[in-house]
Amino acid sequence: MPELERLTERLAAVLPPDAVITDPVRLRTYECDGLTHHRATPGVVVLPGTAEQIAAVVRLCGEHGVPFVARGSGTGLSGGALPRTDGVLIVTSRMRRIVEIDIPNRRAVVEPGVTNLAITEAVRDQGYYYAPDPSSQQVCSIGGNVAENSGGAHCLKYGFTVNHVLAAEIVTPDGEIVELSADDPGYDLLGAFIGSEGTLGIATRITVRLSRAPEAVTTLLAAFTGIEAGGRAVSSVIAAGVVPAAIEMMDALAIEAAEAAVHCRYPAGAGAVLVVELDGPRAEVEHQFAAVERLCRDSGAFEIRVAASAEERAAIWKGRKSAFAAVGRISPAYIVQDGVVPRTALPRVLAGIDRLQEEYGIRVANVFHAGDGNLHPLVLFDDTVPGEAERAEAVSGRILDLCVEHGGSITGEHGVGVDKARYMPRMFTEDDLDTMQLLRCAFDPEGLANPGKVFPTPRLCGEAPGVRRGAHPLVEAGLAEQF
Ligand SMILES: Cc1cc2nc3c(=O)[nH]c(=O)nc-3n(C[C@H](O)[C@H](O)[C@H](O)COP(=O)(O)OP(=O)(O)OC[C@H]3O[C@@H](n4cnc5c(N)ncnc54)[C@H](O)[C@@H]3O)c2cc1C
């Protein structure tokens, strides 16, 4: 009997009867995440309801040498939750309890399947919210956010997930339940876990920081004839010492898509729009608003709209928040790319993307968190036209080259996953990658936690070795152990 079958029999003994899925049709529900062109039908899916059940599953995987992959809501855009056909997919969708809300200490304790927005909804009436706000916040899970160190439009001012997680209970790859806390002395293991994309264990309970809702919020939409003028406005706002809660930009093609999908009614003729949100004490917001409005006009804004109500604010955000899905209206297929560059390099990188569009005959719609230089180029293609998907893939990769050449990174917030593992050597040397693997191996010596993700070639640990060039220098020097 194959190992996975033997394991599946034992899984049924540690989980409720309806928590083990082996039916081939139901398994297909889980064959991909938000990066739909990578697919694999999982060997078996489990739906545990407690940390103890997850620990039991992980221990059994260890005993049988079977890999496992964690999955939250499956909205990831780098294929991090791509299952293994020879492995177990551990889905946290039954772990959606808000365990504790502690307003005096501004904390909430939640299970990993709780959606990002559900935390805010649970504390909104008391004047609080959970700050990191990925555009997918209605559905993505807090466990997935922790694994990806997710960001969102408001992370410019408030920081990423790592700045808002105070502690996490995790199941380690050997099936132990441990607590990691920001208050722990010694190495910041919680910090290492956040953003580890399911390769260091599975988060089973997360303590998040709650933020006080600001006294005032002002949202404005500024329209420019082109993206250069919008970029000038971003630079001058930041140079003036204003840190908006969010400063987002969309180019003409992204606006066209949003218009087609959600009729956002952005100003006609706009070659770029900026959405700027200011929040904080009322007096400060009013002061900053005057400065931002003037700087946008000085940079060439031909129309500025200010949201006068919550409905108008939502209308301004609707175009931006729906931008990824909206491009489906103007293109049969597309790749959502995610890269980051120093803000000052934005004009040069955008000019480079323009050149790539011409060179490859591929259209790119640009949506970005302009304040922190996080680009989301949407590379459009028609998958029924022979060769177009390959050209789109090439453009997508060359955009990452541009990011790295300009001192940026191959991912701003969507993670490396399976999709970008091959690009890691463009940023890191072999020794860098081996050193990162040492950390992974310390948590997961058998290499069973989400293997094949993040690193281009499995090295060290018990993973099938790639082309190694002898022992790692740290191992040779006796400073680290190779398991
Ligand atoms: C329309 C759209 C908009 C988006 N906008 C943003 C955005 O603005 N900002 C942003 O950062 N991202 C964005 N994303 C990407 C995605 O929503 C985030 O990466 C999110 O955090 C993924 O959460 P999830 O629950 O769907 O995780 P999944 O896709 O299920 O998993 C993602 C990764 O986390 C791991 N994982 C899941 N749960 C756990 C757990 N409990 N413990 C350990 N590892 C776990 C998985 O193994 C995988 O590697 C967007 C996606 C879409 C589709």
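Since this is a predicted model, take the numbers as computed values, not measurements.

A.B. asks: Help me out: how do you make sense of the overall build of the chain in this one?
C.D. replies: Summing up its helical and strand segments, the chain has 17 helices and 19 strands in all. A globule of 483 residues ought to have a C-alpha radius of gyration of about 23 Å, and the chain, at 23 Å, matches this closely. Expressed along its principal axes, the backbone C-alpha trace of the chain runs to roughly 70 × 55 × 50 Å. The burial tally for the chain puts 56% of its 483 residues in the buried class. Restricting to contacts in the chain with at least 6 residues of sequence separation, those with at least 24 account for 69%. Accessible surface computed for the chain: about 19,900 Å², of which carbon and sulfur atoms make up 52%. Positive and negative charge centroids in the chain, built from 43 and 63 side chains respectively, lie 4 Å apart.

A.B. asks: Would you explain the environment of Ser331 in this entry?
C.D. replies: The residue Ser331 is located in the loop between α12 (323-326) and β16 (333-336) in this model. Ser331 gets classed as buried once you look at its relative accessible area, which sits at 5%. Separated by 49 residues in sequence, Ser331 and Leu380 place their C-alpha atoms 5.9 Å apart. Among residues more than four places away in sequence, those in contact with Ser331 are Arg363, Leu380 and Phe381. Among the polar contacts listed, one links the side chain of Ser331 to the backbone oxygen of Ala333, at a separation of 2.7 Å.

A.B. asks: Mind showing me how you'd approach the UniProt feature "domain: FAD-binding PCMH-type" (unreviewed entry) in the chain here?
C.D. replies: The sites that UniProt annotates as "domain: FAD-binding PCMH-type" (unreviewed entry) are residues 38-213. Annotated as residues 38-213, this span is 22% helix and 25% strand, and its ends, taken at the C-alpha atoms, are 39 Å apart.

A.B. asks: Can you walk me through a negative patch on the surface in this structure?
C.D. replies: A grouping of Glu179, Asp183, Asp184 and Asp188 is seen on the molecular surface, where their side chains present a negatively charged patch. Residue placement: Glu179 occurs in strand β9 (residues 177-181). Assessed through its relative accessible area of 48%, Glu179 is described here as partly exposed.

A.B. asks: I keep staring at the site of the ligand and nothing clicks. Help me out?
C.D. replies: Around the ligand sit 32 residues in total, of which Ala70, Thr75, Ser136, Ser141 and Ser150 are the nearest. Within the backbone of Ser135, one N or O atom sits 2.9 Å away from an oxygen atom of the ligand. Here an oxygen atom of the ligand sits 2.7 Å away from a polar atom, N or O, in the side chain of Ser150. Out of a free accessible area of 980 Å², the ligand has 94% covered by protein chains. Broken down by secondary-structure element, the contributors of at least two residues to the shell around the ligand are β3 (68-71), α5 (142-148) and β10 (202-209). With five residues, the single largest contributor to the shell around the ligand is α5. Split by residue class, the shell around the ligand holds ten nonpolar, 18 polar and four charged.

A.B. asks: How should the side chain of Gln288 be read in this particular structure?
C.D. replies: For Gln288, the position within the fold is in helix α10 (residues 282-298). Excluding anything up to four places from it in sequence, Gln288 contacts Val242 and Leu278.

A.B. asks: How should I be thinking about the sheet that holds strand β2 (residues 44-46) in this particular structure?
C.D. replies: What holds strands together in a sheet is hydrogen bonding between their backbones, with the strands either parallel or antiparallel. If you trace the four strands from one edge of the open sheet to the other, you get β1-β2-β4-β3, paired in mixed fashion. Among the strands making up the open sheet, the edge pair consists of β1 (20-21) and β3. Contacts between helix α1 (residues 3-14) and the sheet are confined to β1, β2 and β4 (88-91), with β2 contributing the most and set at about 20 degrees to the helix. Here helix α3 (residues 51-64) sits on the sheet in contact with β2, β3 and β4, set at roughly 170 degrees to β4.

A.B. asks: Teacher, can you tell me more about the sheet that holds β10 here?
C.D. replies: Pairing is antiparallel in the open sheet, where five strands are placed in the order β5-β6-β10-β8-β9. Unpaired on one side and paired on the other, β5 (98-102) and β9 mark the two borders of the sheet. Strand-to-strand twist in this sheet, taken as the mean axis angle between neighbours without regard to direction, amounts to 15 degrees. Across six bridges, the pairing between strand β8 (residues 165-171) and β10 is antiparallel. Bridge pairing in β10 places Val165 opposite Val208. Against the sheet, α3 engages β8, β9 and β10, with an angle of about 50 degrees to β8. Where helix α4 (residues 116-123) meets the sheet, it contacts β5, β6 (107-110) and β10, and its direction lies at approximately 45 degrees from that of β5.

A.B. asks: Is there a simple way to think about the packing of helix α13 (residues 346-360) against helix α14 (residues 388-405) in this case?
C.D. replies: Packed helices, taken two at a time, are described by the angle between their axes plus the distance between the axes. Between α13 and α14, the least distance of the axes is 10 Å, while the angle of their chain directions is 155 degrees. Taken together, α13 and α14 sit at an angle that is classed as roughly antiparallel. Considering only the axes of α13 and α14, their crossing is right-handed. Facing Val349, Gly352, Ile353, Leu356, Glu359 and Tyr360 of α13, the residues of α14 in contact are Arg391, Ala394, Val395, Arg398, Ile399 and Leu402. Looking at the contact of α13 with α14 residue by residue, the class counts come to eight nonpolar, one polar and three charged.

A.B. asks: What is the right way to read the packing of aromatic side chains from this model?
C.D. replies: Remark: the centre distance and the inter-plane angle together describe each pair of aromatic rings, the angle taken between the planes. Counting across every chain of the model gives zero aromatic pairs. Lying over the aromatic face of Trp317, Lys321 brings its terminal NZ or CZ to 5.5 Å of the ring centre.

A.B. asks: Please explain the pattern of salt bridges as it appears in this structure.
C.D. replies: Side-chain pairing between opposite charges can occur once the charged atoms of the two side chains come close. Following the criterion strictly, the structure yields 20 salt bridges and no others. Residues Arg313 and Glu277 are paired through a salt bridge, measuring 4.0 Å at the closest nitrogen-oxygen approach. You can see Arg313 sitting in helix α11 (residues 310-321) and its partner Glu277 sitting in strand β14 (residues 272-280), a full 36 residues away along the chain. Judged by relative accessible area, Arg313 falls into the partly exposed class, the value being 23%. One continuous salt-bridge network, built from bridges that share partners, spans Arg28, Glu31 and Arg39.

Criteria and cut-off values
Residues numbered from 1 in each chain as written. Predicted model: local features only at pLDDT ≥ 70, side-chain atom pairs only at ≥ 80, totals over all residues. Heavy atoms only, no water. Helix = DSSP H or I, 4+ residues; strand = E, 2+ residues; numbered from the N terminus. Rg over C-alpha atoms; globule rule 2.2 N^0.38 Å. Buried < 20%, exposed > 50% of the residue type's maximum accessible area, 1.4 Å probe, protein only. Contact = heavy atoms within 4.5 Å. Areas by Shrake-Rupley, 256 points an atom, 1.4 Å probe, with all protein chains shown as cover. Lys, Arg positive; Asp, Glu negative; His and termini not counted. Charge placed at Lys NZ, Arg CZ, Asp CG, Glu CD. Polar contact = N/O pair within 3.5 Å; in protein donor to acceptor, adjacent residues only side chain to side chain. UniProt positions renumbered as here; feature names shortened; annotations may be inferred. Patch = residues over 30% accessible without salt bridge, like charges linked within 9 Å, V, L, I, M, F, W, Y side chains within 5 Å. Salt bridge = Lys/Arg side-chain N within 4 Å of Asp/Glu carboxyl O. Near = heavy atom within 4 Å. Nonpolar A, V, L, I, M, F, W, Y, C, P; charged D, E, K, R; others polar. Pairing = 2+ DSSP bridges. Axes fitted to C-alpha atoms, helices over the stretch in contact; angles between N-to-C directions. Parallel < 35°, antiparallel > 145°, perpendicular 65-115°, else oblique. Left-handed = near helix turned anticlockwise from the far one by under 90°. Phe/Tyr/Trp six-rings, centres within 6.5 Å; stacked < 30°, edge-to-face > 60°. Lys NZ or Arg CZ within 6 Å of the ring centre and 35° of its normal.

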